[in-house]
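Structural overview for review
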Amino acid sequence: MISYLSQETVYRAEGHPGKEGVIQYQLEYQPEHNIDCEYFAALNGWRSYLFRLGLIGQQDARYDGLGYGNISHRLNSESQRFIISGTQTGHLPLLCREHYVVVDKAEPHLNRIVAHGPVKPSSEALTHGALYLASPSVQCVMHVHSPLIWRHADTMKLPATSAQIPYGTPQMAVAVKNCVEQSGESTGAIAMQGHEDGILVYSDDIEAAGGLMLELLVWAHHLTESSDIRGS
């Protein structure tokens, strides 16, 4: 097991959303090529679809060209371990198993991740881990960047984290965990006000998570169109 301090460049709010910063966390990582998850095909299928929608990816014109968004699923229904798309994969339209990593343990309160796989996890794994810790019913987490949903989060009455909390930090992990626990629901969405355009969707079923994501996107489009009509 290799132990070191990992540094991830992310967007954070210190005065305004979108400011670049560096998040540090303790990562114990074991390189390994053979990882598996019974939900891999469904998970990777949704990742490809979200990429095509521009909700996950990497574009020169967005966020200074940094990659954004990822997707995860518990290894099995009762495990705290989960599989998640790895760091530096946002630019790839299609992923394979070598682009995913297994998080064996996520300890947000200690700012620590234990993982193994072909690639390393990003700091986003802390927040995914917090959602799985929040409820045993949560089986899948999708983290995307949607300016439309994020802009209309208040109107859509989405639970939201504080704009003062940067993404990928223990504070963010606690905030999203609280959102899930307070809702008492196994399916839901969270707007991260301190992470430009950041939206989390979680559910007890991967198809339900994807379906909710699409519902929110359609709703946000309708809200934008209505606003444009009123302003014309």
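Note that the structure is a prediction, hence the values are computed from the model and not measured.

Turning next to the overall build of the protein. A count of helical and extended segments in the protein gives five helices and twelve strands. Within the span of the protein, comprising 232 residues, buried residues form 55% of the whole. Partitioning the contacts of the protein with sequence separation of at least 6, the portion at a separation of at least 24 is 64%. Surface exposure of the protein reaches about 10300 Å², of which carbon and sulfur atoms provide 50%.

What follows covers the environment of Ser 135. Mapped onto the fold, Ser 135 is located in the loop between helix 2 (124-134) and strand 9 (140-145). On a C-alpha basis, the gap between Ser 135 and Glu 185 in space is 8.9 Å, while along the polypeptide they are 50 residues apart. From its side chain, Ser 135 meets the backbone nitrogen of Ser 137 in a polar contact 3.1 Å long.

As enumerated under the stated definition, the model contains four aromatic pairs in all. Between Tyr 63 and Tyr 68 the ring centres are 5.3 Å apart and the planes differ by 75°, which places this aromatic pair in the edge-to-face class. Overall, the relative accessible area of 9% leaves Tyr 63 in the buried class. Between the aromatic rings of Phe 82 and Tyr 132, the centroid separation amounts to 4.9 Å while the plane-to-plane angle is 40°, which identifies the pairing as tilted. Remark: Tyr 132 occurs in helix 2 and Phe 82 occurs in strand 6 (residues 82-85); sequence separation between them is 50 residues.

Further remarks concern the nonpolar core. Met 142 and Ile 149 are the most contacted members of the largest nonpolar core, which totals 35 residues. Elements that contribute at least two residues to this core include exactly helix 1 (40-52), strand 7 (100-107), strand 9, helix 3 (147-151), strand 11 (188-192), strand 12 (198-203) and helix 5 (206-231). Excluding its chain neighbours within four sequence positions, the residues that come into contact with Ile 149 are Met 156, Leu 158, Ile 199, Met 213, Leu 216, Leu 217 and Ala 220. Core analysis: the next-biggest nonpolar cluster, separate from the first, contains 31 residues, Phe 82, Ala 134, Tyr 167 and Met 192 among them.

Attention shifts here to the pairing of strand 8 (residues 112-117). Extensive coverage of strand 8 is indicated by the burial of five of its six residues. Sheet topology places strand 7 next to strand 8; five bridges connect them, and they run antiparallel. Paired with Val 103 across the strands is Ala 115, a residue of strand 8. Remark: four residues form the turn of the hairpin made by strand 7 and strand 8, two consecutive strands paired antiparallel; Asn 111 in that turn has positive phi of roughly 55°.

For the protein, per-residue confidence averages 87 on the pLDDT scale, and residues scoring 70 or more make up 88% of the total. Across residues 7-23, confidence stays below pLDDT 50; counting only partners more than four residues off in sequence or on other chains, it has 54 contacts.

What counts, and at which threshold
- Residues numbered from 1 in each chain as written.
- Predicted model: local features only at pLDDT ≥ 70, side-chain atom pairs only at ≥ 80, totals over all residues.
- Heavy atoms only, no water.
- Helix = DSSP H or I, 4+ residues; strand = E, 2+ residues; numbered from the N terminus.
- Buried < 20%, exposed > 50% of the residue type's maximum accessible area, 1.4 Å probe, protein only.
- Contact = heavy atoms within 4.5 Å.
- Areas by Shrake-Rupley, 256 points an atom, 1.4 Å probe, with all protein chains shown as cover.
- Polar contact = N/O pair within 3.5 Å; in protein donor to acceptor, adjacent residues only side chain to side chain.
- Phe/Tyr/Trp six-rings, centres within 6.5 Å; stacked < 30°, edge-to-face > 60°.
- Core = buried A, V, L, I, M, F, W, Y, C linked by side-chain atoms within 4.5 Å.
- Pairing = 2+ DSSP bridges.
- pLDDT = per-residue confidence, 0-100.

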